[in-house]
Amino acid sequence: MADFNINSEHLSKFMRLCFENPLSSQVEDKVLPALEELGGHDGIAKKLRTDSVNGISSSEVDTRKSFFGSNYVEPDPPDSIFQIAWEALQDPCLLFLCFAACVSFFVGIVFNEGMEWLEGLAILSAVFVVVTVSAVNDYKKEQQFRALNAVKDDVKVTVIRKGEKEIISTHDVVVGDIVLLSTGDLVCADGLVFDKNDLGISEAMLTGETVIKRKGPFELGSSPSSAAKVIPALFAGTFVQEGEGRMLVTAVGTHTYQGLMEEKMREEEEEKSVLQQKLDKMTELITKAGAIAGGLTVAILLLRFVIAFINKDCCKETFDHSIHHLEWLRFLVVGVTVFVVAVPEGLPLAVTITLAFSVSKMMEDNNLVRHLSACETMGSATTICSDKTG
């Protein structure tokens, strides 16, 4: 392992400091002291054992990858189709349907209530179709998105190694490389530019602002509260709008500012779509209404049962365990049946088939939809807010 006098954490921290402190006063108070602590541009290059003119040697690439990391953000491992199906089955409405199907089976088989078990089988069939359609669609689209992203992220860049220009994959860029940038290029890693140049960078992807940022040695604004006119820091994911220049790579992969933001975004929990929230509320309402209706039915039947014994009606003169125990158990079966009948087993199936049809129609327009819920989410949009970047 090579002995570098600086590590990825120090470099990543400095790059974050540059991005998060754009004002002249902040640059003067925080960024410049941090840069001086690192030894300035020459000090950083020396610690990285690189040369701003000749770059590094190709033989050092593997060593630098193992020490500073690779310029590749490993995507989350894909879920299997069974995991996706299991997640789809966690829908409250589908869980409610599964419970209703089990009750129907129990009533039909244990109490021999005619064709009650057939209703349970029909409910389970509907649940199976819903889960299968959702899982297969999400799995196929996930694979397509991964293939597209792999091609999109693997771009070619020009670097200087041993004084010679080389065209390599962005995944092969390492800390210490000297990357040549020109108009239209995508900045593939975080880095510093201290030489005089005419680089104009668009950081709209990170900040949402279309103002071109000038890069080079620090040049503060006219007042402490104004933004610095020129800073040397370049960030992965931004674009070169104009000019040419050389960048010393200081952070790659997950250590870049863009990589850190992506990590944080992965940690955020996904919110349910509008339609899913409405279906959950409806499921909860149906559950309560069905339970109340079933409970009232059982209560009324039991009340009639008791009154019949009080009035000594036919067959109710005395309590016979062999007959009357089974009778009040049938009252419970009737109550459960009322509860099950309230289940709209066709609703999730209708929603899933409708969304799947929408996805196929959008595919005909060359729009690749990753998840079924995206269709109904956009369908629920009433207002689209856009800033000056669109």
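Thresholds applied
Residues numbered from 1 in each chain as written. Predicted model: local features only at pLDDT ≥ 70, side-chain atom pairs only at ≥ 80, totals over all residues. Heavy atoms only, no water. Salt bridge = Lys/Arg side-chain N within 4 Å of Asp/Glu carboxyl O. Buried < 20%, exposed > 50% of the residue type's maximum accessible area, 1.4 Å probe, protein only. Helix = DSSP H or I, 4+ residues; strand = E, 2+ residues; numbered from the N terminus. 1 Å grid on protein atoms, 1.4 Å probe; cavity = no way out; pocket = protein on both sides within 12 Å on 5 of 7 lines; lining within 4 Å. Points joined across faces, edges and corners; volume = space filled by probe spheres on them. Nonpolar A, V, L, I, M, F, W, Y, C, P; charged D, E, K, R; others polar. Pairing = 2+ DSSP bridges. Contact = heavy atoms within 4.5 Å. Polar contact = N/O pair within 3.5 Å; in protein donor to acceptor, adjacent residues only side chain to side chain. Axes fitted to C-alpha atoms, helices over the stretch in contact; angles between N-to-C directions. Parallel < 35°, antiparallel > 145°, perpendicular 65-115°, else oblique. Left-handed = near helix turned anticlockwise from the far one by under 90°. Phe/Tyr/Trp six-rings, centres within 6.5 Å; stacked < 30°, edge-to-face > 60°. Expected span 1.5 Å × (residues − 1). Arc of directions from axis to C-beta. Core = buried A, V, L, I, M, F, W, Y, C linked by side-chain atoms within 4.5 Å.

A.B. asks: How should I be thinking about the pattern of salt bridges in this particular structure?
C.D. replies: When the charged atoms of two side chains with opposite charge come close together, those side chains can pair. Applying the stated criterion to the full structure yields 6 salt bridges. Among the ionic pairs, arginine 64 bridges to glutamate 60, the shortest N-O distance being 2.8 Å. Overall, arginine 64 belongs to the buried group, its relative accessible area being 0%. Residue arginine 161 pairs with aspartate 177 through a salt bridge whose shortest N-O separation is 2.7 Å. Taken together, the residues arginine 161 in strand E1 (residues 156-161) and aspartate 177 in the loop between strand E2 (164-169) and strand E3 (178-181) connect sequence positions 16 residues apart.

A.B. asks: Quick question: what am I supposed to make of the layout of surface pockets here?
C.D. replies: Empty space among the atoms becomes apparent when a probe as large as a water molecule is rolled across them. Empty space within the second largest pocket amounts to approximately 280 Å³. Taken together, 15 residues make up the lining of the second largest pocket; nearest its centre are Pro22, Glu203, Lys213, Ala227 and Ile231. Put simply, the parts of the chain that give the lining of the second largest pocket at least two residues each are helix H1 (8-20), strand E6 (212-215) and strand E7 (230-231). Sorting elements by how many residues they give to the lining of the second largest pocket places E6 first, with 3 residues. Here the lining of the second largest pocket is built from residues that sort into 8 nonpolar, 1 polar and 6 charged.

A.B. asks: How should I be thinking about the sheet that holds E3 in this particular structure?
C.D. replies: Backbone hydrogen bonds are what pair the strands of a sheet, in a parallel or an antiparallel way. Read from one edge to the other, the open sheet built from 6 strands follows the order E2-E1-E3-E10-E4-E8, with strand pairing classed as antiparallel. Edge positions in the open sheet fall to E2 and strand E8 (233-234), since each of these has one partner strand only. Of the pairings in the sheet, the one linking strand E4 (residues 190-192) to strand E10 (residues 245-251) comprises 3 bridges and is antiparallel in character. Opposite leucine 192, over in E10, you have leucine 248 as the bridge partner.

A.B. asks: Is there a simple way to explain empty space enclosed by the protein in this structure?
C.D. replies: Scanning the model with the defined rule gives 1 cavity of 30 Å³ or more in all. Every residue lining the largest cavity is listed: His41, Ser52, Ile178, Leu192, Val193, Phe194, Asp195, Arg246, Met247 and Leu248.

A.B. asks: Got a minute to help me understand the sheet that holds strand E9 (residues 239-242) in this structure?
C.D. replies: Taken together, 4 strands build an open sheet; the order of strands is E7-E6-E5-E9 and the sheet is mixed. The open sheet is flanked by E7 and E9, the only strands paired with a single partner. As judged from the 2 bridges shared by E6 and E7, these two strands associate in the parallel manner. Note on E7: the bridge partner recorded for arginine 214 is valine 230.

A.B. asks: What should I look at first to understand the environment of asparagine 21 in this one?
C.D. replies: With respect to the helices and strands, asparagine 21 occurs in the loop between H1 and helix H2 (24-38). Owing to a relative accessible area of 6%, asparagine 21 belongs among the buried residues under this scheme. Between the C-alpha atoms of asparagine 21 and valine 31, which are 10 residues apart in sequence, the distance is 7.5 Å. Each residue touching asparagine 21, except ones within four places of it in the same chain, is listed here: Gln26, Val27, Lys30 and Val31. One polar contact links the side chain of asparagine 21 to the main-chain carbonyl oxygen of leucine 17, over a distance of 2.8 Å.

A.B. asks: What is the right way to look at the packing of H2 against helix H3 (residues 40-47) in this model?
C.D. replies: Geometrically, a packed helix pair is captured by the angle between its two axes and the distance between the axes. Where H2 contacts H3, the axes come no closer than 7 Å and their chain directions differ by 45°. Relative to H3, the element H2 is oriented oblique. Handedness of the H2/H3 crossing: left-handed. Taken together, the residues of H3 that come into contact with H2 (itself represented by Leu35, Glu36, Glu37 and Leu38) are Gly40, His41, Gly43, Ile44 and Lys47.

A.B. asks: Explain the packing of aromatic side chains here, please?
C.D. replies: What describes a pair of aromatic rings is the distance from one ring centre to the other and the angle between the planes of the rings. Inspection of the entire model under this criterion finds 4 aromatic pairs. Ring geometry for phenylalanine 235 and tyrosine 257: centres 6.3 Å apart, planes at 65°, overall edge-to-face. Placement of the pair is phenylalanine 235 in the loop between E8 and E9 and tyrosine 257 in helix H9 (residues 257-267), with a sequence separation of 22 residues. With respect to class, phenylalanine 235 is no different from tyrosine 257; both count as buried. Grouped by ring-pair contacts, the aromatic residues Phe19, Phe235 and Tyr257 constitute a single cluster.

A.B. asks: How should the pairing of E10 be read in this particular structure?
C.D. replies: Sheet faces and side chains relate simply in a regular strand, where the side chains alternate between the two faces. Most of E10 sits out of view: 6 of its 7 residues are buried. Pairing of E3 with E10, which is carried by 4 bridges, proceeds in the antiparallel orientation. Counted as the bridge partner of leucine 180 is arginine 246 from E10.

A.B. asks: Even after reading the chapter, I still don't get unusual backbone geometry, so can you show me in this structure?
C.D. replies: Trans is the common state for peptide bonds, and a negative phi is the common state for residues other than glycine. Unusually for a residue other than glycine, arginine 49 sits at a positive phi of about 55°. Here arginine 49 is to be found in the loop between H3 and helix H4 (61-68). Take arginine 49: its relative accessible area is 46%, and that puts it in the partly exposed class.

A.B. asks: Before we go on, may I ask you to explain H1 in this structure?
C.D. replies: Think of an α-helix as 3.6 residues a turn; residues three or four steps apart then line up on the same face. In this model, H1 (13 residues) spans 18 Å end to end at C-alpha, consistent with the 18 Å of a helix rising 1.5 Å per residue. Every buried residue belonging to H1 is among Ser8, Leu11, Ser12, Phe14, Met15, Cys18 and Phe19, and all of these are buried. Looking straight down H1, one finds its buried side chains confined to an arc of 160°; they lie on one side. The opening residue of H1, the one whose side-chain oxygen lies 3.2 Å from the backbone nitrogen of glutamate 9, is asparagine 7.

A.B. asks: It is not clear to me how the nonpolar core should be interpreted in this structure. Could you clarify?
C.D. replies: The nonpolar side chains of soluble globular proteins are, as a tendency, buried together. Judged by nonpolar contacts, the single largest core of 45 residues is most densely connected at Phe14, Ile44, Leu48, Leu181 and Met247. Contributing elements (two or more residues each) for this core: H1, H2, H3, E1, E3, E8 and E10. Beyond its immediate sequence surroundings of up to four residues, leucine 48 is in contact with Phe4, Ile6, Leu11, Arg64, Phe68, Val175, Gly176, Leu248 and Val249. Of all hydrophobic cores here, the second largest spans 12 residues; its members include Ile84, Val130, Val131 and Ala135.

All we've got here are geometric facts, nothing functional implied.
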